[in-house]
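So the chains spell out like this:
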Amino acid sequence: QVQLVESGGGSVQAGGSLRLSCAASGRTFSSYAMGWFRQAPGKEREFVAAFGWSGAVTHYADSVKGRFTISRDNAKNMVYLQMNSLKPGDTAVYYCALRSPGYRVLTTAGEYDHWGQGTQVTVSS
């Protein structure tokens, strides 16, 4: 059984930074695609960032491009989301997601088959 555990959320002022982490465990992954999504109160879950198996290709939502960076550590089965220049509009619960096997970048929530429990990010003005 696959488990994804997010951490690193919190409260910051606008312009601040946070680094989210997601630890994947439960089995050996032959290949996987991973992504970050977020959901604000009263809104649908939306795509934030993702990479495919090679890690060479990443994709970001326009709203976070240039401010957020997704990265991973294969040896540790970890994925990270570095968030800089945070805005109040970034306030949401952030979720990491995984699909295995997976090779290409996936930007739709329905394409992932494993999800973490989420971590709250609150940005105040």
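Rules used throughout
Each chain carries its own residue numbering, running from 1 in the written order of its sequence. Residue-level local features of this predicted model are given only where pLDDT is at least 70; pairs of side-chain atoms are given and counted only at 80 or more, and the full residue set underlies all totals for whole chains, interfaces and linings. Derived side-chain values reflect all non-hydrogen atoms in the structure, with water molecules and hydrogen atoms excluded from consideration. Buried Ala, Val, Leu, Ile, Met, Phe, Trp, Tyr and Cys residues form a nonpolar core when they are joined through side-chain atoms within 4.5 Å. For every residue, the accessible area (1.4 Å probe, protein chains only) is compared with the maximum for its type, and the residue is labelled buried under 20%, exposed over 50%, or partly exposed between those bounds. By definition, any uninterrupted DSSP run of H or I lasting at least four residues is a helix, any uninterrupted run of E lasting at least two residues is a strand, and each is numbered from the N terminus. Contacts between residues were defined by any pair of non-hydrogen atoms, one from each residue, lying within 4.5 Å. Strand pairing is defined by DSSP finding a minimum of two bridges between the two strands. In this analysis an axis means a line fitted to C-alpha atoms, helices contributing only their contacting stretch, and an angle means the value between N-to-C directions, from 0 to 180 degrees.

**Digging into the nonpolar core**
Soluble globular proteins: nonpolar side chains tend toward being buried together. Of all hydrophobic cores here, the largest spans 37 residues; its most connected members are Trp 36, Leu 81, Met 83 and Tyr 94. Among the elements of the structure, strand S3 (18-25), strand S4 (33-39), strand S5 (46-51), strand S7 (68-73), strand S8 (78-83), strand S9 (92-99) and strand S11 (119-124) are those that each provide at least two residues to this core. Once residues lying within four places of it in the same chain are set aside, the contact partners of Met 83 are Gly 16, Ser 17, Leu 18, Leu 20, Arg 67, Phe 68, Tyr 94 and Val 121.

**With respect to the sheet that holds S3**
Strand order in the open sheet formed by four strands is S1-S3-S8-S7, with antiparallel pairing between adjacent strands. Single-partner strands in this sheet number two, and they are strand S1 (3-7) and S7. Pairs of neighbouring strands in the sheet enclose a mean axial angle of 15°, with direction left out of account. As paired elements, S3 and S8 share six bridges and run antiparallel to each other. From the neighbouring strand, Ala 23 faces S8, where its bridge partner is Met 78.

**Structural notes on the pairing of S9**
A regular strand places its side chains so that they alternate between the two faces of the sheet. Among the eight residues in S9, six count as buried, and that is most of the element. Taken together, the seven bridges between S4 and S9 define a ladder with antiparallel strand orientation. In the sheet register, Ala 33 faces S9, and the bridge partner there is Arg 99. Where S9 lies against S11, three bridges are found, and the strand directions are antiparallel. The partner of Tyr 94 across the bridge, within S11, is Thr 119. Taken together, the two bridges between S9 and strand S10 (residues 114-115) define a ladder with antiparallel strand orientation. Bridge pairing links Ala 97 to Trp 115 in S10.

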